[in-house]
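Breakdown of the fold
Single-letter residue listing:
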Amino acid sequence: MTRTVITACPLDCPDACTLAVDVEGEATGGGERIVRIDAAPATDSNPLTDGWICAKVRRSTRRVHSPERILTPLRRTGPKGSGAFEPISWNDALEMIATEIRSAITEHGPAAVVPFLYNSSAPTFSDRLMVRLFAELGTSEVAHTICAYTAAIAWHSTFPNMASADPLDVAHSDLVVIWGANPSTSNTHLTPLLTEARGRGAAVVVIDPRRTPTAARADRHLAVRPGTDDVLALATAAELDRLGLVDRSFCDDNAEGTDELLAAARAWTPSTAAEVCGVDASAITELAELVGTRRPGLLRLGWGMERNRNGGSGIRAALGLWVLAGQFGRLGSGVVTSTSSAAEDDTLDDLPDAPPRARTLNMNRIGHDLAHADPPVTVLIVQGANPAVSAPDQQAVLASLVREDLFTVVHDQVMTDTATFADVVLPATTYFEQGDDVAVGYTSYAASPLRRVIAPVGESRTNGEVAAGLAAALGVDGYDPEQVPPPPLPERAVPTRPEGSVQFGPVGEPGTTRPDGGRARLLLGAGSDPVPTHRPVDSPFPLTLITPASSRQINSMFGEYDPPPAQISMSPEDASARGVLDGADVRVFNDLATLVLPARIDPSVRPGVVSIPKGLWRRHLPGGLTANALTPAEVEHTIGGAVFHDARVDIAPA
């Protein structure tokens, strides 16, 4: 017998597709197997799904039924990092963890316990009990600064609490600018919308250091140097002003700080900006003409442009450019960024007596903090994350994970690089084994029901079940799953935004979204750069290393069976200057580390930039180091976001 379950994908992807999953076998004895994953019928689907899903999810039965799945709790029996473990019971595992947490709090206070929690494959509600538990204990918390943090703060400082535009509005746009994003890899359902837009005459512009498949199909591609997006946006704004294309009426009615932003922009001419950004001066003028004349225009901001010291400035400058052009107020205009605020988080609303958190640590500095925090970190709980390969300054992270006085717990589906350093490993469910929940994408306005497809594989447990078990072992009340109400579950995907809603539409019109106070803020107050301000990187190493997402993994997820090629891509010009041949091993180095891996000569990468795929595992490269061994642990100066693309390296034949 085969049955089909309609569910949804909650992985770290903008689209949140609705799925139809075919299952064979009986639930008893672990006999159920997923045999096919495809898009759900249109009547049940998030409209963005549009009848098809990405290859990553289609192939993900290889994770669900993998021989590498962790089936029982495990206790370390060998040196940290050796992968030597033995099975133990859930009761024993939870008691061990609870004992270590109590001991750490008694000896050093709650700050000694650090929950490193991220979303992984958890849906909207089920992972909240773990956050709540550590909040109730008053432990350290780890701020989610590693991704989208800089962009979110920059957005909310410019447009306080204003909703994103809907990507489906591309159907009404005459201009679409994709800035710092690669939809062909990480927002695939936007790609056909862009193709349709071009087919009816809309102009599509891509701003990206690489000639991605999206850029190759665009009308114009500006191969900007990483970290100079702020300069490009400011110079374009100055050209907009010079050409008389600033929408003064819109700015007067809807923005504060217009004159101050334009004054800062005039410091950048097309020629001076072109030298910094590595694009033709004429391309800057052409971009200003397009932004100022083609209406309605939609800006799709990606997270690639935030991953450097100028990330906040770059996003604020791009948003300011859109305001100056008055590209709002009509269907098909505005800015598409994260829509995830549509999911209300009331995790801590009913904890009025919870103690204040002992301290807040920056996720990008976890290697440093594990080694140097005072009071020391003696218990580390990792859930939905893989910091051994995903955090900056990888060697500092690995040096801390081998500490014998650091008790580490990892809750995951397979033996990740971080799990190999754990003292206790707990088996986690995939989202196909979760109970009822909701999946909400972060560039789609739909909430889809997430249903259990098969019984948990082995003894795996959900995030919420682990929180409940750990709370019981610690003697904390209120975490019995029977006492936790299930989330509201729609029968099928439902829209979460009014149809036809428009940013800065007429006041009082249904569906109009505006920032708090009704006006965009182009000038910030004390404590920040009042206007976007460029800060160059001073490094003796000439090449910028970027680590873009691939079409085969989601961050480091699925790296156990389908990693991208472990190679470094570089332009023909940079390869020739260094005597590097295609396919030959090279040394990639800076003052943090040296990696050896094959070179790929790739004309889609601009000169001065090299690229290693994001999310490779240690097993994929000789020496056990990945690209993040070369990335700095510094953070964006105003917000504390990650600066992965501030990494500077050089390359030589191995």
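Residues numbered from 1 in each chain as written. Predicted model: local features only at pLDDT ≥ 70, side-chain atom pairs only at ≥ 80, totals over all residues. Heavy atoms only, no water.

1. Topic: the sheet that holds strand β20 (residues 494–495)
One open sheet holds the three strands; their spatial order is β18-β19-β20, and the pairing between them is antiparallel. With partners counted over all chains shown, the strands left at the sheet margins are β18 (437–440) and β20, one partner each. Across two bridges, the pairing between strand β19 (residues 446–450) and β20 is antiparallel. Note that in β20 the partner of A446 across the bridge is P495. (Pairing = 2+ DSSP bridges. Helix = DSSP H or I, 4+ residues; strand = E, 2+ residues; numbered from the N terminus.)

2. Looking at the packing of aromatic side chains
Scanning all chains against the criterion turns up 10 aromatic pairs. Ring geometry for W303 and Y442: centres 5.4 Å apart, planes at 85°, overall edge-to-face. Taken together, the positions of W303 in the loop between β12 (297–301) and α14 (311–324) and Y442 in the loop between β18 and β19 put the pair 139 residues apart, joining distant regions of the chain. For W303, a relative accessible area of 12% corresponds to the buried category. For the pair F541 and F589, a centre-to-centre distance of 6.3 Å together with 85° between the ring planes defines the contact as edge-to-face. Remark: F589 occurs in strand β26 (residues 585–589) and F541 occurs in the loop between β23 (520–521) and β24 (543–546); sequence separation between them is 48 residues. Ring pairs connect the aromatic residues W155, F159, F250, F328 and F504, which therefore count as one cluster. Just above the ring of W90 sits the side chain of R461; from NZ or CZ to the centre is 4.1 Å. (Phe/Tyr/Trp six-rings, centres within 6.5 Å; stacked < 30°, edge-to-face > 60°. Buried < 20%, exposed > 50% of the residue type's maximum accessible area, 1.4 Å probe, protein only. Lys NZ or Arg CZ within 6 Å of the ring centre and 35° of its normal.)

3. Concerning the pattern of salt bridges
Taken as a whole and assessed by the stated rule, the structure comprises 29 salt bridges. A salt bridge links D241 to R266; the shortest N-O distance between them is 2.9 Å. Within this pair, whereas D241 is found in helix α9 (residues 229–242), its partner R266 is found in the loop between α11 (258–265) and α12 (270–277), the two being separated by 25 residues in sequence. Under the relative-accessibility criterion, D241 is labelled partly exposed at 22%. Between D259 and R248 there is a salt bridge, with its nearest N and O atoms 3.0 Å apart. With D259 in helix α11 and R248 in helix α10 (residues 248–254), this residue pair connects regions lying 11 residues apart in the sequence. (Salt bridge = Lys/Arg side-chain N within 4 Å of Asp/Glu carboxyl O.)

4. Brief notes about the sheet that holds β26
Within the closed barrel, the six strands sit side by side as β24-β28-β25-β27-β26-β29. Their pairing is mixed. Mean inter-strand twist for the sheet, computed between neighbouring axes without regard to direction, equals 45°. Strand direction decides the pairing type here: β24 and strand β28 (residues 609–611), joined by three bridges, are parallel. Looking at the pairing, I546 lines up with S611 of β28. (Axes fitted to C-alpha atoms, helices over the stretch in contact; angles between N-to-C directions.)

5. Some thoughts on the state of the cysteines
All chains considered together, the criterion is met by zero disulfides. Here C13 is not cross-linked by a disulfide; its sulfur's nearest cysteine counterpart is in C54, at 6.3 Å. (Disulfide = S-S within 2.5 Å.)

6. Here we look at the nonpolar core
The biggest cluster of nonpolar side chains holds 56 residues, and the ones touching the most others in it are F159, W179, I207, L232, L301, V323 and L324. Residues contacting L324, with those up to four places away along its chain left out, are A237, L240, L245, V246, D247, C251, T258, L261, L262 and L522. In this structure, F421, M570, A593 and L597 belong to the second largest nonpolar core, which totals 54 residues. (Core = buried A, V, L, I, M, F, W, Y, C linked by side-chain atoms within 4.5 Å. Contact = heavy atoms within 4.5 Å.)

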